[in-house]
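If you want the building blocks of each chain, they are given just below.
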There are 14 protein chains.
Amino acid sequence: MTNLALAFLAAGLGAGLSIIGAALGIGKLAAAAMDATGRQPAAGGDIRTTMIIAAALIEGATLFALVVCILLATKAA
Amino acid sequence: MTNLALAFLAAGLGAGLSIIGAALGIGKLAAAAMDATGRQPAAGGDIRTTMIIAAALIEGATLFALVVCILLATKAA
Amino acid sequence: MTNLALAFLAAGLGAGLSIIGAALGIGKLAAAAMDATGRQPAAGGDIRTTMIIAAALIEGATLFALVVCILLATKAA
Amino acid sequence: MTNLALAFLAAGLGAGLSIIGAALGIGKLAAAAMDATGRQPAAGGDIRTTMIIAAALIEGATLFALVVCILLATKAA
Amino acid sequence: MTNLALAFLAAGLGAGLSIIGAALGIGKLAAAAMDATGRQPAAGGDIRTTMIIAAALIEGATLFALVVCILLATKAA
Amino acid sequence: MTNLALAFLAAGLGAGLSIIGAALGIGKLAAAAMDATGRQPAAGGDIRTTMIIAAALIEGATLFALVVCILLATKAA
Amino acid sequence: MTNLALAFLAAGLGAGLSIIGAALGIGKLAAAAMDATGRQPAAGGDIRTTMIIAAALIEGATLFALVVCILLATKAA
Amino acid sequence: MTNLALAFLAAGLGAGLSIIGAALGIGKLAAAAMDATGRQPAAGGDIRTTMIIAAALIEGATLFALVVCILLATKAA
Amino acid sequence: MTNLALAFLAAGLGAGLSIIGAALGIGKLAAAAMDATGRQPAAGGDIRTTMIIAAALIEGATLFALVVCILLATKAA
Amino acid sequence: MTNLALAFLAAGLGAGLSIIGAALGIGKLAAAAMDATGRQPAAGGDIRTTMIIAAALIEGATLFALVVCILLATKAA
Amino acid sequence: MTNLALAFLAAGLGAGLSIIGAALGIGKLAAAAMDATGRQPAAGGDIRTTMIIAAALIEGATLFALVVCILLATKAA
Amino acid sequence: MTNLALAFLAAGLGAGLSIIGAALGIGKLAAAAMDATGRQPAAGGDIRTTMIIAAALIEGATLFALVVCILLATKAA
Amino acid sequence: MTNLALAFLAAGLGAGLSIIGAALGIGKLAAAAMDATGRQPAAGGDIRTTMIIAAALIEGATLFALVVCILLATKAA
Amino acid sequence: MTNLALAFLAAGLGAGLSIIGAALGIGKLAAAAMDATGRQPAAGGDIRTTMIIAAALIEGATLFALVVCILLATKAA
C-alpha cells in the first residue's frame, strides 16, 4: 500500500460525511420553509427566496469539500 | 493488498453514508410537506413545488458524491 | 487476502447503511402522510401521491447505492 | 484467512444493520398508522392501505439488501 | 484462524443487531397500539389486527436475517 | 487462538446486544400499557392482553437470537 | 492467549450490555407505572401487577443472557 | 499476556457499563416517583413502595452482573 | 506488558464509566426532587427522604463497582 | 506509507466533519429564520440580514478549516 | 512500553469521563434548582439546601474516582 | 512514518471537530436570536448586539484551536 | 515509544473530554439561570448566587481533572 | 515514531474536543440569554451581565485545556 490508499479511503468517507451534513441541513431548513408556507401561504414566495439563499450557502461549502474529495480520489502516485 | 483495496472499501462506505444523509434529509422535508398539505390542502400544489426544488438540491449533491464512489469502485490498478 | 476482501466487506456494510437511511427516511415521511390523512381524510388521495413521489426519490438514490454494492460484491479478482 | 472471511463478516453485519433500519422505519410508520386509526376509526381502511404501500417500499429495498448479504454468505472461494 | 472465525463473529453480532432493530420497532408500534386502544377502546379489535400485520412484516424480515446468521453460525470449514 | 475464540466473543456480545433491544422494546410497550391503563382503568384487561401478545413477539425473536448465541458459546472445536 | 481470553472478555462485556438494556427497560416501565399510579391512585394495585408481569419478562430474558455470560466466564480450557 | 489480561479488562468495563445502566434506570424511576409524589402527596407511601420493588429488581440483576465481574477480576491463572 | 497493563486500563475506564452513570442518574432524580419541591413546598421533607433513599441505592452499586476498580488498580503481578 | 498518507486521510475526514458541522449549523439558523418570517412577514428583511451575518460567521470558520484540509491534501512529500 | 503506559492512559481517560458525568449531572440538577427557585422564590433557601446535598453525593463519588486516576497516574513501575 | 504523520492527522481531525462544535454553537444561538427578533421586532438591534458578542466568544476560542491545527499541519520534521 | 507516549495521549484526550463535560454542564445551568431571571427579574440576584455556587462545584472538579492531565503532560521519563 | 507522535495527536484531538464542548455550552447559554431578552427586554442588561459571567467561566476552563494542547503541540523531543 502506498500513500494513495489512504487518499482513496479519505475521498469516499469524506464524500459520505459531507452528504450526511448537507442533506440533513437542507432537509431541516426546507422543512421549516414548507411549514412556514403552510401557515402563511401569502408569504410563500418570500420564504422560498430565503430558502434558496440559505441552501446555496450550504451547497457551496459542500461542493468545496467534494472538490477536496475529487482531488484525493484522482491523485496519481 | 494494493491501493485498490481501500478504494473499494471507501466506495461502499461512502455510498452507504451518503444514502443515510440523503434519505433522512428528504424524509424530513417530505414529512413537513405532507404535514403542511394536511393543514392547508389549498396550498398543496405550491408546497409540492417547493418540496421538489429542495429535494432536487439534496439529490444533486448526493449523486455528485455517488459519482465519487462509482469512480472509486471501478478504479483499475 | 487480496483487494477483493475489502470490496466484499464494503458491499455488506454499504448495503446495511443504505437501508438504515432509506427505511428511516421513508418511515418518517409515511408516518407524516398517515398522520395528515388521519387529520384530513378528504385530502387522502393528494397526500398519498406526494408520499409516493418523495419515497420514489429516496428509493431511486438507494437503488443507485445498492447497485454500487452489487458491483463490489460480484467483482472478480 | 482468505477473501471469504470478510465476505462472511459483511453478510452478518449487513443483515443486522438492514434490520435495524427496516424495523425502525416500519415501526415508526405503523405507529403513526395506529395513532391515526385511533383518532379517526372511520378512515381505518384507507390508512391501512397507505401503511401497506409504504411498508412494501421499505420491505422491497430491505430484501434487495438481504439478497446482497445472502450472496456474500454463500460465496464459494 | 480460518474463514470460519469471522463467520462466527458475524453470526453473533448480526443476531444481536437484528434484535435491537426488531424489538425497538415492535415495541414502538405496540406502544402506539395500546395508546390508541386506551383512547378509543371501541376500536380495540381493529387496531390489534393492524398491529399484528405490521409486527408480522418486521418479524418476517427479522427471521430472514436470523436465517442468514444461523447459516453463518453452522458453516463447516 | 482458533476459530472458537471469535465464536465465544460473538456469543457474549450478541447476547448483550439482544437484551438491550428486547428490554428497551418491552419496556417501551409496557410503559404505554400502564399509561393507557392509568387513563382508562376499565380497559385494563384488554390492554394487558395486547401487551402480552406484543411482548411475546419480541420475546420469541429474542430467544431465537439467544439460541444462536448458546450455539456459538458451546461449540466444540 | 488461548480461546479463553476472548470468552472472558465476552462474559464481562455481555453482562454489562445486558444490564444497560434491562435496567433502562425496567426503569422506563416502572416510571410509567408510578406516573399512572400518581394520576389514578385507585388503580394502583392493578398497575403494580402489570408492572411486575412486564418486568418479569425482561428479567427472564436478562437472566438467560447472564447465564450465557456465566457459562463463558467459567469455561475451562 | 495470558488469558487473565482480557478477564481483567472485561471486569472493569463490565462493572462500568453495568453502573451506567443501573444508575440511569433507577434515576429514571425515582424521578418519576418524586414527580408523582409531588403531584399527589397523599399517595406518597404507596408510590415509595412501588419504587423500592422496581429498584430492587434492577439492583438484583446489577449485582448478578457485578458478581460476574468480581469473578473475572479475581481469577487465578 | 503483563496482565497488569490491561487491569490498570480497566480500572481507569471502569471508574470513569461508573461516574458517568451514577452522576447522570443522581442528577436526574435530584432534578425531579427539586422540581417537585418547587411545585409543592409543603411536601419538601417527604420528597427529600425519598431522594436520599434512591440516591443511596445508586451510590451503593457505584461504590461496589469502584471497589472492583480499586481492586484492579492495586493488583500486584 | 510515508507521512503523506495520514495527511491525505486527515484532509478527507476533516472536510467531511467540517461540512457536517457547518451544514447543520446553517440549517438550524435558516430554519429559525424562515419560521420567524412565517410568523412576522413584516420583519422579513431584518431577519434575513441577521441570518446572513450569522451564516457568514459560520461560513468563515468553515472555509478556514477547509483551507487546512486543502493544505494537507496538496502537500508534497 | 511497560504496564505503566496503559495506567497513564487510563488515568487521563478516566478523569475525562468522570468529569463528563459529574458536570452533566450537577448541571442538570442545578438547572432544576434554579428553575424551581424562579417559580417559587420563597422556597429558594430550602431548594438550595437540597441542591447542595445532591451535588455533594455526586461530587463524593467523582472524587473517589479521581483518586483512582491519581493513583494510576503516579504509579511507579 | 515519522512523528509528523500523526501531527498531520491531528491537524485535519482537530479542524473538523472544531467546526462541528463552533457551527452548531453559533447556529443554536443565532436561531434563538432570530426567534426572539420574530417575537419582538422592536428589540431586534439589542438582540443582534448580544448575538455578535456571544458569537465572537465562540469564534475566538475556535480560531485559537484552529491555530493549534495550523501549527501542527505546517510542522517541519 | 516509551510509557510517556500514552501519558501524552491521555493528557490531551482527558483535557478535551473534561471540557466537553464542564462546558455543557455550566452551559445548561447558566441557561436555566437566565431563563429563570427572564421570568422573575426580581429574584435575579438570588439566582445568580445559586448559579455561581453550582458552577464553582463543576469548575472545581474540572480543575482537579485538568491537574491530572497537566501531571501527565509534563511527566519526565 | 517517538513519544512526540502521540503528543501531537493528543494536541489536535484535545483542541477539537474542547471546542465542541465550549461552543455548545456557550451556544446554549447565549440562546437562553437571547430568549429571555426577547421575552423581557427591560431585563436585557442584567441578563447580558449574567451571560458574560457564565461564558467567562467556560472560556477560562477551555483556555486552560487549550494551554495543555499548546504545551503538547510544541514539545521538543
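Residues numbered from 1 in each chain as written. Chains lettered and ligands numbered in written order. Predicted model: local features only at pLDDT ≥ 70, side-chain atom pairs only at ≥ 80, totals over all residues. Heavy atoms only, no water.

Within an unreviewed UniProt entry, the label attached to chain A reads ATP synthase subunit c, and the organism entered is Archangium lansingense. UniProt's Sequence similarities (unreviewed entry) comment on chain A is quoted here verbatim: "Belongs to the ATPase C chain family." (UniProt positions renumbered as here; feature names shortened; annotations may be inferred.)

A. Molecular detail of the UniProt feature "domain: V-ATPase proteolipid subunit C-like" (unreviewed entry) in chain A. As annotated by UniProt and renumbered to match this structure, "domain: V-ATPase proteolipid subunit C-like" (unreviewed entry) occupies residues 9-72 of chain A. Here residues 9-72 of chain A runs as 94% helix and 0% strand, with 9 Å between its end C-alpha atoms. (Helix = DSSP H or I, 4+ residues; strand = E, 2+ residues; numbered from the N terminus.)

B. Summary view of the UniProt feature "transmembrane region" (unreviewed entry) in chain A. UniProt's feature table lists "transmembrane region" (unreviewed entry) at residues 51-73 of chain A, given in the numbering used throughout. In this annotation, residues 51-73 of chain A is assigned 100% helix and 0% strand; the end-to-end C-alpha distance for the span is 32 Å.

C. Inspection of the packing of aromatic side chains at higher detail. Inspection of every chain in the model, using the stated rule, returns zero aromatic pairs over all chains. The ring of I:Phe8 is capped by K:Lys75, whose NZ or CZ atom sits 4.4 Å from the centre of that ring. (Phe/Tyr/Trp six-rings, centres within 6.5 Å; stacked < 30°, edge-to-face > 60°. Lys NZ or Arg CZ within 6 Å of the ring centre and 35° of its normal.)

D. Broad picture of the packing of helix H1 (residues 3-39) of chain F against helix H1 (residues 3-39) of chain G. It is at 7 Å that the axes of H1(F) and H1(G) come closest, and there the two elements cross at 0 degrees. With respect to their mutual orientation, H1(F) and H1(G) come out roughly parallel. Residues of the contact of H1(F) with H1(G), tallied by class, amount to 27 nonpolar, nine polar and six charged. (Axes fitted to C-alpha atoms, helices over the stretch in contact; angles between N-to-C directions. Parallel < 35°, antiparallel > 145°, perpendicular 65-115°, else oblique. Nonpolar A, V, L, I, M, F, W, Y, C, P; charged D, E, K, R; others polar.)

E. Quick look at the environment of M:Gly14. By the secondary structure assignment, M:Gly14 is in helix H1 (residues 3-39). Along the backbone, M:Gly14 and M:Leu29 are 15 residues apart, and their C-alpha atoms lie at a distance of 23 Å. Ignoring sequence-local partners within four residues, the contact set of M:Gly14 consists of K:Gly12, K:Gly16 and M:Cys69. (Contact = heavy atoms within 4.5 Å.)

F. Spotlight on the interface of chain A and chain B. Contacts between the two partners involve 37 residues from chain A and, on the opposite side, 41 residues from chain B. Taken over both partners, the interface formed by chain A and chain B buries close to 3,400 Å², and the fraction arising from carbon and sulfur atoms is 77%. Ranking the residues of chain A by area buried against chain B places A:Phe8, A:Met34 and A:Arg48 at the top, with a combined share of 19%. Remark: the boundary between chain A and chain B carries two salt bridges. For B:Arg39, the salt bridge identified is with A:Asp35, shortest N-O distance 3.0 Å. There are five residue pairs in polar contact (both at pLDDT 80 or more) connecting chain A and chain B. Those elements giving two or more residues to the side of chain A that touches chain B turn out to be helix H1 (3-39) and helix H2 (44-73) of chain A. No other element matches the 25 residues that H1(A) contributes to the side of chain A that touches chain B. Here the side of chain A that touches chain B is built from residues that sort into 25 nonpolar, seven polar and five charged. (Buried area = accessible area lost by both parts, 1.4 Å probe. Salt bridge = Lys/Arg side-chain N within 4 Å of Asp/Glu carboxyl O. Polar contact = N/O pair within 3.5 Å; in protein donor to acceptor, adjacent residues only side chain to side chain.)

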